[in-house]
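What follows is each chain in one-letter form.
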Amino acid sequence: MASIVVSGDTSGAITISAPATAGTNTLSLPANTGTAILDYSTPAYRNRIINGAMVIDQRNAGASKTITDTVNSTYTLDRWQAYGSVASKFSVQQNAGSVTPPTGYKNYLGVTSLATTSLGANDQYYVGQYIEGYNVADFGFGAAGAATFTISFWVRSSLTGTFGGSVANSAFNRSYPFTYTINSANTWEQKTVTIAGDTTGTWLTTNGTGLQVNFGLGVGTSLSGTANSWAAAAYVSATGATSVVGTNGATFYITGVQLEKGSTATSFDYRPYGTELALCQRYLPYIGGIGGNQSFGQCYANTTTTLRAVINFPVQARVYPTGLVTSTASGFVGQMQGSSNLTASALAVTSIAGLTSTLIELTVSGATAGQPGSIYNASAGYMYFTGCEL
């Protein structure tokens, strides 16, 4: 640790000399001693939320996504998922409505209600994030001494009143509903929620879901519980919370989401863009999309109609990928040694998949079995691998 020098002279002046160290430094002068204690209490990576400033949007690149899947959650901005019991009741978009974000931010996650939706007892509409168990293992949930933690965020809505959300374990049999108040319509307000860690229940500390964080957009009575207490139930929000989907055209915008140890919300933990992108790509390996004629690696003709290539991931994936999404299959070309280029009509992940790379197969025509080559994208083609999210 760098030295802090405190010096004085007979005039009574005290000079404090400190190195150029980033962060907030607190000098404490105890009442009964002459000892000065310097506290460097701004650790890096204190925010367990990934993409809390809503900067990364690999799947949609800023386009609106209507939530239609009523079985599984839909991933929108990186690491942020959304769910609705009935299809097409709301949409999610990075910077929806193009309002000015809070000072210090450039992006936000925007929800727009697409209908006036009445809630059944078991209906639920929400956005949220599942945090990997490795990233909250030190919270010690499920045992005595579980850590208190604080969620802070900026929020803006066309509606006012009491809004709700919850945190929960992976099995969704331990949950803690919380509330916060939006006082003024169409105005950014910062909110803080402090939660005492749960000392019971089962909490994963590996690569499964360690902690769910949900922001309710309209939740029925059966899935809403008493605020500010842990319950052995699957609560998504708090009883009596405002329903965003209950008003056609209503908006709900959020950014600067931080979840950290302790009972005090600190300033937002900004990380370099490349660091945040890499954190996201553990759950969504994404290749290409920058420009044309990018080489994606070596390939060979497995048959006269298929090419196989190993694709290396930007970072190690959480689990093996199970699917592949591309901008368009025809955006990828096999440049074969000693022959013409072969344009793909389909791409797929093979059964040979790994955490750092995977074998893909391109469907083509006119290949010579055993012939080597390389694959590249024509125009700004991209591919990303699914199945790695929580």
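The text that follows walks through the structure, step by step, so that each part is easy to find. For clarity, every value in this text was computed on a predicted model and none was experimentally measured. (Residues numbered from 1 in each chain as written. Predicted model: local features only at pLDDT ≥ 70, side-chain atom pairs only at ≥ 80, totals over all residues. Heavy atoms only, no water.)

Counting residues in hydrophobic clusters, the biggest one holds 44 residues, and the most contacted among them are Phe90, Val167, Leu211, Phe215 and Phe252. Those residues in contact with leucine 211 that lie beyond four places of it in its chain are Gln129, Tyr130, Ile131, Val136, Phe141, Phe149, Val167, Ala168, Trp203 and Leu259. If you look at the next biggest cluster of nonpolar residues, it comprises 24 residues, including Ile311, Phe313, Phe332 and Val364. (Core = buried A, V, L, I, M, F, W, Y, C linked by side-chain atoms within 4.5 Å. Buried < 20%, exposed > 50% of the residue type's maximum accessible area, 1.4 Å probe, protein only. Contact = heavy atoms within 4.5 Å.)

Whenever strands of a sheet pair, they do so through backbone hydrogen bonds, lying parallel or antiparallel. Ordered in space as β19-β28-β22, the three strands form an open sheet in which the pairing is antiparallel. Pairing within the sheet leaves two strands with one partner each, and these edge strands are β19 (286–288) and β22 (323–326). The average undirected angle you get between the axes of adjacent strands in this sheet is 20 degrees. Across four bridges, β22 lies against strand β28 (residues 382–386) in antiparallel orientation. Across the sheet, leucine 324 pairs through a bridge with phenylalanine 385, a residue of β28. (Pairing = 2+ DSSP bridges. Helix = DSSP H or I, 4+ residues; strand = E, 2+ residues; numbered from the N terminus. Axes fitted to C-alpha atoms, helices over the stretch in contact; angles between N-to-C directions.)

Listed as buried for helix α1 (residues 273–281) are Glu276, Cys280 and Gln281. Down the axis, α1 shows its buried residues gathered within 135 degrees of arc, on one side only. Elements that come into contact with the buried residues of α1 comprise β19. (Arc of directions from axis to C-beta.)

Let us now look at the sheet that holds strand β26 (residues 357–363). The seven strands are arranged β24-β23-β27-β20-β21-β26-β25 in an open sheet whose pairing can be described as antiparallel. In the strand order of this sheet, the two ends are held by β24 (341–343) and β25 (346–353), each with one partner. Across the sheet, the mean angle separating the axes of adjacent strands is 30 degrees when strand polarity is ignored. Sheet analysis places strand β21 (residues 306–312) next to β26, joined by seven bridges and oriented antiparallel. If you follow leucine 307 over to β26, its bridge partner there is leucine 362.

Further remarks concern the environment of proline 372. Positionally, proline 372 belongs in strand β27 (residues 372–377). Note: C-alpha distance between proline 372 and glutamine 298 (74 residues apart in sequence) is 7.6 Å. Beyond its immediate sequence surroundings of up to four residues, proline 372 is in contact with Cys299, Tyr300, Met336 and Gln337.

With that out of the way, let us pick up the pattern of salt bridges. Summed over the entire model, instances satisfying the criterion amount to 12 salt bridges. A salt bridge links arginine 48 to aspartate 138; the nearest nitrogen and oxygen atoms lie 2.8 Å apart. Within this pair, whereas arginine 48 is found in the loop between β4 (37–40) and β5 (65–66), its partner aspartate 138 is found in the loop between β10 (124–132) and β11 (149–157), the two being separated by 90 residues in sequence. On the accessibility criterion, arginine 48 (15% relative accessible area) is buried. For aspartate 138, a relative accessible area of 40% puts it in the partly exposed group. (Salt bridge = Lys/Arg side-chain N within 4 Å of Asp/Glu carboxyl O.)

Inspection of the secondary structure puts glycine 334 in strand β23 (residues 332–336). Owing to a relative accessible area of 0%, glycine 334 belongs among the buried residues under this scheme. Discounting residues that sit within four places of it in the chain, glycine 334 has contacts with Leu307, Ser340, Asn341, Leu342, Ser374 and Ile375.

With that settled, consider the packing of aromatic side chains. One pass over the full model with this rule turns up 24 aromatic pairs. With 5.9 Å between their ring centres and 20 degrees between their planes, phenylalanine 163 and tyrosine 180 make a pair best called stacked. You can see phenylalanine 163 sitting in strand β12 (residues 161–168) and its partner tyrosine 180 sitting in strand β13 (residues 175–182), a full 17 residues away along the chain. The burial state of phenylalanine 163 is the same as that of tyrosine 180; both residues are buried. Ring geometry for phenylalanine 296 and phenylalanine 332: centres 5.3 Å apart, planes at 85 degrees, overall edge-to-face. Of this pair, phenylalanine 296 sits in strand β20 (residues 295–301) while phenylalanine 332 sits in strand β23; the two residues are 36 residues apart in sequence, bridging distant segments of the chain. (Phe/Tyr/Trp six-rings, centres within 6.5 Å; stacked < 30°, edge-to-face > 60°.)

Working note: non-glycine residues mostly have negative phi, and peptide bonds are mostly trans. The phi torsion at asparagine 95 lies on the positive side, around 60 degrees, for a residue other than glycine. Looking at the secondary structure, you find asparagine 95 in the loop between β8 (90–94) and β9 (109–113). Residue asparagine 95 is classed as partly exposed on the basis of its relative accessible area, which comes to 23%. Unlike most non-glycine residues, asparagine 186 shows phi in positive territory, near 55 degrees. Position of asparagine 186 among the secondary structure elements: in the loop between β13 and β14 (189–195). With a relative accessible area of 40%, asparagine 186 lands in the partly exposed category.

Take the pairing of β8 next. Counted residue by residue, β8 has four buried out of five residues, so it is predominantly covered. Two strands pair when backbone bridges link them, and β8 and β9 are joined in this way by five bridges, in the antiparallel orientation. Bridge pairing links glutamine 93 to glycine 110 in β9.

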